[in-house]
Amino acid sequence: MTDLSDSVRATPADPQSTNDRVVVVSLADDLAKPLLDELDYEYATRYADFDGFEQPEDAPSEIELFPPFVFEPPLGLALLIVRDGQAIAGGAFMHLDERTVEYKRIWTSSKHRRQGLSRRVLAALDHEAASRGYSRVYLTTGPRQPEAKHLYLRTGFTPLFDVDADPETVVHLAFEKRITPTAARQRPKGLRARLRFWRQRRRIEWAHKYHPAPTVRLDDLPTTGDAS
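On a predicted model such as this, the values are computed, not experimentally measured, just so you know.

Draft legend 1. Structural context of the confidence of the model for the protein. In the predicted model, the protein carries a mean pLDDT of 89, and the fraction of residues at 70 or more is 91%. Taking the mean pLDDT of every element in the protein, the minimum, 71, falls on strand 1 (residues 2–3) and the maximum, 97, on helix 3 (residues 117–131). In this model residues 9–15 is a low-confidence stretch, pLDDT under 50, and it forms 7 contacts with partners more than four residues away in sequence or in other chains. Of the regions scoring below 50 in pLDDT, residues 224–228 engages in 6 contacts with residues more than four places distant in sequence or in other chains.

Structure (structure tokens):
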């Protein structure tokens, strides 16, 4: 577990947050269990009667589709904000293409919302993605998560869909933004890292059967970079 607290700072939203730590973890770690449990519950309850995703009957759940190892180095990363030994917010990214990471597992504990934690998670992920040489961030959210949609609109993401349309007809609400790399992209070194690299790539490519790769990207929008 790596502590990023000294490199990723944010203005405290309340007195308790001065004790917060930003740490890199595996999502297989017990510390990340509240994140996965609460996300799984959130998806199950919000979309219990929604059939717009049109997934095959054998489709894995969203949590199962991307196992923890795709969010680990060399191609991924997961982090948590920890307060008093408990995870209270977190997020992760995985490789999408040579310029782009895809953010997933963005989460704030239901007991700790409205403290700016999601913004801190996004800032920390941006910092880490940039330090690995990526220049773009892509993500999607579901049609029944309006708070996530508004968060991304407020934090520099450009919507790749018509924001005035009924979200349930859009289904996958996709966003993208540019970030400035702070280092060059590095190829994995060592046999173990190279094997993990290819295993991660294969799993992500396979998952696109159920979670399609983006068809519209920020570069496809008008040269102003704004959605019309």
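Draft legend 2. Up close: the packing of helix 3 against helix 4 (residues 146–154). Between helix 3 and helix 4, the shortest axis-to-axis distance is 11 Å and the interhelical angle comes to 55°. Viewed along their axes, helix 3 and helix 4 adopt a mutual orientation that is oblique. Read as a crossing pair, helix 3 and helix 4 show a hand that is right-handed. The segment helix 3 lies against helix 4, with Ser118, Arg119 and Leu122 engaging Leu151, Tyr152 and Arg154. Grouping the constituent residues of the contact of helix 3 with helix 4 by class yields 3 nonpolar, 1 polar and 2 charged.

Draft legend 3. Quick look at helix 1 (residues 33–46). End to end, helix 1 covers 20 Å across 14 residues, agreeing with the expected 20 Å (1.5 Å per residue, within 8%). The set of residues buried in helix 1 consists of Leu35, Leu36, Glu38, Leu39 and Glu42. Each element contacted by the buried residues of helix 1 is listed here: helix 2 (62–65), strand 3 (77–83), strand 4 (86–95), strand 5 (100–108) and helix 4.

Procedures and definitions
Residues numbered from 1 in each chain as written. Predicted model: local features only at pLDDT ≥ 70, side-chain atom pairs only at ≥ 80, totals over all residues. Heavy atoms only, no water. pLDDT = per-residue confidence, 0-100. Helix = DSSP H or I, 4+ residues; strand = E, 2+ residues; numbered from the N terminus. Contact = heavy atoms within 4.5 Å. Axes fitted to C-alpha atoms, helices over the stretch in contact; angles between N-to-C directions. Parallel < 35°, antiparallel > 145°, perpendicular 65-115°, else oblique. Left-handed = near helix turned anticlockwise from the far one by under 90°. Nonpolar A, V, L, I, M, F, W, Y, C, P; charged D, E, K, R; others polar. Expected span 1.5 Å × (residues − 1). Buried < 20%, exposed > 50% of the residue type's maximum accessible area, 1.4 Å probe, protein only.

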